[in-house]
Amino acid sequence: MELRGREAYLKRAQSSETKNRKPATEFDVNEKKKFLKGAEIAYETIVTSFSKGDKQNLKSLLTEKMQNNFSLAIEERKAKKIKSELTFVGIKSSAIEGFEKSAEALYFTVKFVSEIISVQKDKDNKIIEGDPNKIKTVIDHWKFTKKISSSSPNWYLAEIKSS
């Protein structure tokens, strides 16, 4: 009799747990903070990997369309023999600006305010853009996406807008 009581309790607990579980399209404050922390890490990784021309590292963080865009830009830079040097100083602020949901995907738009030192040099190592002694403030609006059907916790960069 006791075993049946325990089985009934477990069944009720599982049922209650299922009812209380939020759908993957709803996010509480802690989940948003966790997402934002991951987005900040992705932002720094993407910015620095792009500067280095590291397409392999970018691949796991970008949608297919963004992979193509970044890859073309890296190849164009290589063809012109332009060397990119970047020092990522840090993120001054980040904030979720929006959330969208389509039939297949979720989207978070994040505003990043960061500081970088960025220089581009030609084949003769002459500076053609930027200043190695100046910290530049950059404001970006990045849209991250995740397929609703995916069990993966990973989000991917889908769009960039600069201010």
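Computed from a predicted model, the values in this text were never measured in an experiment.

**Student:** How should helix 2 (residues 29-52) be read in this particular structure?
**Tutor:** Residues spaced three or four apart along an α-helix point in a common direction, a consequence of the helix completing one turn every 3.6 residues. End to end, helix 2 covers 35 Å across 24 residues, agreeing with the expected 34 Å (1.5 Å per residue, within 8%). Those residues of helix 2 not exposed but buried are Phe35, Leu36, Ala39, Ala42, Tyr43, Ile46, Val47, Thr48, Ser49 and Ser51. The secondary structure elements touched by the buried residues of helix 2 are helix 3 (55-59), helix 4 (64-79), strand 1 (83-101), strand 2 (105-121), strand 4 (136-147) and strand 5 (156-162). Regarding helix 2, its N-cap is Asp28, as a side-chain oxygen of that residue lies 3.1 Å from the backbone nitrogen of Asn30 further along. Looking one or two residues beyond helix 2, the residue adopting positive phi is Gly53, at roughly 80°.

**Student:** Is there a simple way to think about helix 4 in this case?
**Tutor:** In this model, helix 4 (16 residues) spans 22 Å end to end at C-alpha, consistent with the 22 Å of a helix rising 1.5 Å per residue. Those residues of helix 4 lying buried are Met66, Phe70, Ile74 and Arg77. Summarising the axial view, the buried residues of helix 4 lie within an arc of 65°, below the 170-degree limit, and thus occupy one face. Opposite the buried face of helix 4, at more than 90 degrees from it, the exposed residues are Glu64, Lys65, Leu72 and Ala79. Tucked inside the fold, the buried residues of helix 4 contact helix 2, helix 3, strand 1, strand 2 and strand 5. Among the residues trailing helix 4, Lys81 stands out with phi positive, at a value near 60°.

**Student:** Just checking my understanding: could you explain the pairing of strand 1 for this structure?
**Tutor:** As a general feature of sheets, a regular strand has side chains that alternate between the two faces. Two strands pair when backbone bridges link them, and strand 1 and strand 2 are joined in this way by 16 bridges, in the antiparallel orientation. Bridge assignment links Lys83 to a residue of strand 2, and that residue is Lys121. In sequence, strand 1 turns back onto strand 2 through a hairpin of three residues.

**Student:** I'm lost on the confidence of the model for the protein in this one. Help?
**Tutor:** If pLDDT is low for a region, its predicted coordinates should not be looked at in detail. Looking at the protein as a whole, its pLDDT mean stands at 88, while 85% of the residues score no less than 70. Within the model, the stretch residues 8-23 combines pLDDT values under 50 with two contacts to residues more than four positions away or in other chains.

**Student:** Sorry if this is basic, but what is going on with the packing of helix 2 against helix 4 here?
**Tutor:** The angle between the axes and the distance between the axes are what describe a pair of packed helices. Running from N to C, helix 2 and helix 4 cross one another at 35°; their axes reach a closest spacing of 9 Å. Where helix 2 approaches helix 4, its residues Ile46, Phe50, Ser51 and Lys52 are matched on the opposing element by Phe70, Ala73, Ile74 and Arg77.

**Student:** Explain the pattern of salt bridges here, please?
**Tutor:** Any two side chains of opposite charge can pair, so long as their charged atoms come close to each other. Under the defined criterion, the tally for this structure stands at eight salt bridges. In this structure, the salt-bridge partner of Glu75 is Lys78, at a minimum N-O distance of 3.9 Å. Taken as a pair, Glu75 and Lys78 lie in helix 4 at a separation of three residues, close to a single helical turn. Across the pair Glu85 and Lys121 runs a salt bridge, and its minimum N-O distance is 3.3 Å.

**Student:** For this particular structure, what's the right way to read unusual backbone geometry?
**Tutor:** Leaving glycine out, the prevailing phi sign among residues is negative, and the prevailing peptide bond configuration is trans. Even without a glycine there, the phi angle at Lys81 is positive, about 60°. Structurally, Lys81 can be placed in the loop between helix 4 and strand 1. Look at Lys81 and you get exposed, because its relative accessible area is 53%. Residue Asn125 is not a glycine yet carries a positive backbone phi of 70°. Considering the arrangement of structural elements, one finds Asn125 in the loop between strand 2 and strand 3 (127-130). Classification of Asn125 by relative accessible area gives partly exposed; the value is 45%.

Quick notes on the rules
- Residues numbered from 1 in each chain as written.
- Predicted model: local features only at pLDDT ≥ 70, side-chain atom pairs only at ≥ 80, totals over all residues.
- Heavy atoms only, no water.
- Helix = DSSP H or I, 4+ residues; strand = E, 2+ residues; numbered from the N terminus.
- Expected span 1.5 Å × (residues − 1).
- Buried < 20%, exposed > 50% of the residue type's maximum accessible area, 1.4 Å probe, protein only.
- Contact = heavy atoms within 4.5 Å.
- Polar contact = N/O pair within 3.5 Å; in protein donor to acceptor, adjacent residues only side chain to side chain.
- Arc of directions from axis to C-beta.
- Pairing = 2+ DSSP bridges.
- pLDDT = per-residue confidence, 0-100.
- Axes fitted to C-alpha atoms, helices over the stretch in contact; angles between N-to-C directions.
- Salt bridge = Lys/Arg side-chain N within 4 Å of Asp/Glu carboxyl O.

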